[in-house]
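Understanding the architecture of this molecule
Residue strings, one per chain:
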Amino acid sequence: MFQIYLTQSLLKTIITPFERVKLILQTQNNFLNNNLESKPIGTIECFKLLKKKENLSGFFKANNLSLIRQFSLPILNQIINGLLNVIQQKTLDNKLINRFSKSLNSISLLIGGFSGYISITILYPLDTLITLLITDFSIHSNSDSDSDLKYKSILNCINLVYNQGGLTNFFRGLIITLIGAFIYRSLFYYFFAKVQNLSRNLFGKNLLISFIASFFVSTSVGFIVYPLDTIRRRLIVDSVNKFTTFTLIQHMFVKEGINSFFAGFKVNCLRSLVNSFIGITIDLLLSLS
């Protein structure tokens with residue numbers, strides 16, 4: 001178990017720079033809308049500005065919170081799943097269990113999915129803090145210090161978010177997050193199984209083909225749900241206009257164009273590529289050890 005967590009920590013830390021650049025590009029229009037003289041920056045320029053203003057450490061901002069969330073989510077999911085299964089077993093007697101065994105398999109799947117959504121909801125305030133801290137970057141300021149940063153620390157971020165809208169402010173974008181998670185998981189597991197079976201039938205157990213198939217599915221499905229991720233990230237960082245989900249979609253489509261829904265998608269593909277490659281490499285090394 002420790003080996004798995006260590007591997008996941010290494011993976012998460014390595015892709016953190018790509019994640020930060022992706023989020024900055026995704027949400028920069030929120031800040032540009034309030035500064036008409038500013039222009040959006042591209043991927044390479046964002047990497048350069050981060051290096052210039054915050055040094056290498058800036059690429060790993062809020063990584064500690066990301067690791068806490070990554071470890072907490074599966075643990076919390078297992079706990080809630082176990083509790084729901086206990087409740088299910090105690091509310092049904094043995095005769096009913098035997099009689100409706102096939103239906104109970106479906107119920108178990110629903111419990112698994114439901115526990116996942118409860119876990120996401122419980123940890124969503126942490127996701128909000130991570131997004132706010134990562135995107136707290138003064139793109140067009142000439143200062144190289146942190147004086148232009150909105151959030152001076154994690155506690156300061158919590159305090160400001162709460163003062164701006166109370167507890168509900170920590171859950172902005174939650175509904176569209178749950179919708180996006182459902183669509184992504186459903187499509188990913190379905191197409192991943194199909195593509196993997198097809199690749200094994202054609203090429204056998206080939207590590208390179210397996211990597212290509214995995215990357216192709218994750219990128220294709222990611223493209224479909226990426227606009228939902230952009231919307232929820234922008235809802236989180238929006239502290240001025242106070243958009244609802246509908247008004248934000250309308251604003252982005254009319255004022256910014258369809259491309260705004262896919263801001264940062266290129267670096268997201270790069271992040272997925274690096275993540276898939278390192279993951280397979282680590283799995284291969286672990287299998288040989």
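Now for a look at the structure at hand. (Residues numbered from 1 in each chain as written. Predicted model: local features only at pLDDT ≥ 70, side-chain atom pairs only at ≥ 80, totals over all residues. Heavy atoms only, no water.)

Considerations on the nonpolar core
- Ranked by size, the top nonpolar core spans 24 residues in total, and within it L65, L132, L133 and C157 carry the most contacts.
- When contributions to this core are tallied by element, the ones reaching two or more residues are helix 3 (63-91), helix 5 (101-134), helix 6 (154-165), helix 7 (174-203) and helix 8 (207-237).
- In terms of residue count, the dominant contributor to this core is helix 5 (9 residues).
- Counting residues in each nonpolar core, the second largest holds 13 residues, with I15, F59, F137 and V274 among its members. (Core = buried A, V, L, I, M, F, W, Y, C linked by side-chain atoms within 4.5 Å. Buried < 20%, exposed > 50% of the residue type's maximum accessible area, 1.4 Å probe, protein only. Helix = DSSP H or I, 4+ residues; strand = E, 2+ residues; numbered from the N terminus.)

Quick look at helix 7
- Counted at 1.5 Å a residue, the expected span for helix 7 with its 30 residues is 44 Å, and the 41 Å between its end C-alpha atoms agrees.
- Positive backbone phi, at 75°, marks G204, one or two positions downstream of helix 7. (Expected span 1.5 Å × (residues − 1).)

Concerning the pattern of salt bridges
- For the structure shown, the criterion picks out 10 salt bridges.
- E19 is the salt-bridge partner of R271, the closest N and O atoms lying 3.3 Å from each other. Taken together, the positions of R271 in helix 10 (residues 265-288) and E19 in helix 1 (residues 2-32) put the pair 252 residues apart, joining distant regions of the chain. By the burial criterion, R271 is buried, and E19 matches it.
- With a shortest N-O distance of 2.6 Å, D127 and R232 are connected by a salt bridge. (Salt bridge = Lys/Arg side-chain N within 4 Å of Asp/Glu carboxyl O.)

Overview of unusual backbone geometry
- Phi angles above zero are rare outside glycine, and N55 is one such case at about 60°.
- Along the chain, N55 turns up in the loop between helix 2 (43-54) and helix 3.
- Positive phi, normally seen in glycine, also occurs at A62, with a value near 65°.
- Residue placement: A62 occurs in the loop between helix 2 and helix 3.

Overview of the environment of S119
- Along the chain, S119 turns up in helix 5.
- Assessed through its relative accessible area of 0%, S119 is described here as buried.
- Along the sequence, S119 and L73 sit 46 residues apart, while their C-alpha atoms lie 6.2 Å from each other.
- Non-local contacts of S119, meaning those with residues more than four positions away in its chain, are made with L73, L76, N77 and I80. (Contact = heavy atoms within 4.5 Å.)

A closer look at a nonpolar patch on the surface
- A grouping of I75, I79 and L83 is seen on the molecular surface, where their side chains present a nonpolar patch of about 280 Å² in accessible area.
- With respect to the helices and strands, L83 occurs in helix 3.
- Classification of L83 as exposed rests on a relative accessible area of 52%. (Patch = residues over 30% accessible without salt bridge, like charges linked within 9 Å, V, L, I, M, F, W, Y side chains within 5 Å. Areas by Shrake-Rupley, 256 points an atom, 1.4 Å probe, with all protein chains shown as cover.)

Describing the packing of helix 8 against helix 9 (residues 245-256)
- It is at 10 Å that the axes of helix 8 and helix 9 come closest, and there the two elements cross at 110°. By the angle between their directions, the pair helix 8 and helix 9 is classed as roughly perpendicular. Across from T230, I231, R234 and L235 in helix 8, the residues of helix 9 making contact are T245, L248, I249, H251, M252 and E256.
- Along the lines of polarity and charge, the residues of the contact of helix 8 with helix 9 split into 5 nonpolar, 3 polar and 2 charged. (Axes fitted to C-alpha atoms, helices over the stretch in contact; angles between N-to-C directions. Parallel < 35°, antiparallel > 145°, perpendicular 65-115°, else oblique. Nonpolar A, V, L, I, M, F, W, Y, C, P; charged D, E, K, R; others polar.)

A look at the side chain of T27
- Relative to the assigned elements, T27 resides in helix 1.
- Assessed through its relative accessible area of 0%, T27 is described here as buried.
- Polar contacts involving the side chain of T27 include one to the main-chain carbonyl oxygen of L23, which spans 2.8 Å. (Polar contact = N/O pair within 3.5 Å; in protein donor to acceptor, adjacent residues only side chain to side chain.)

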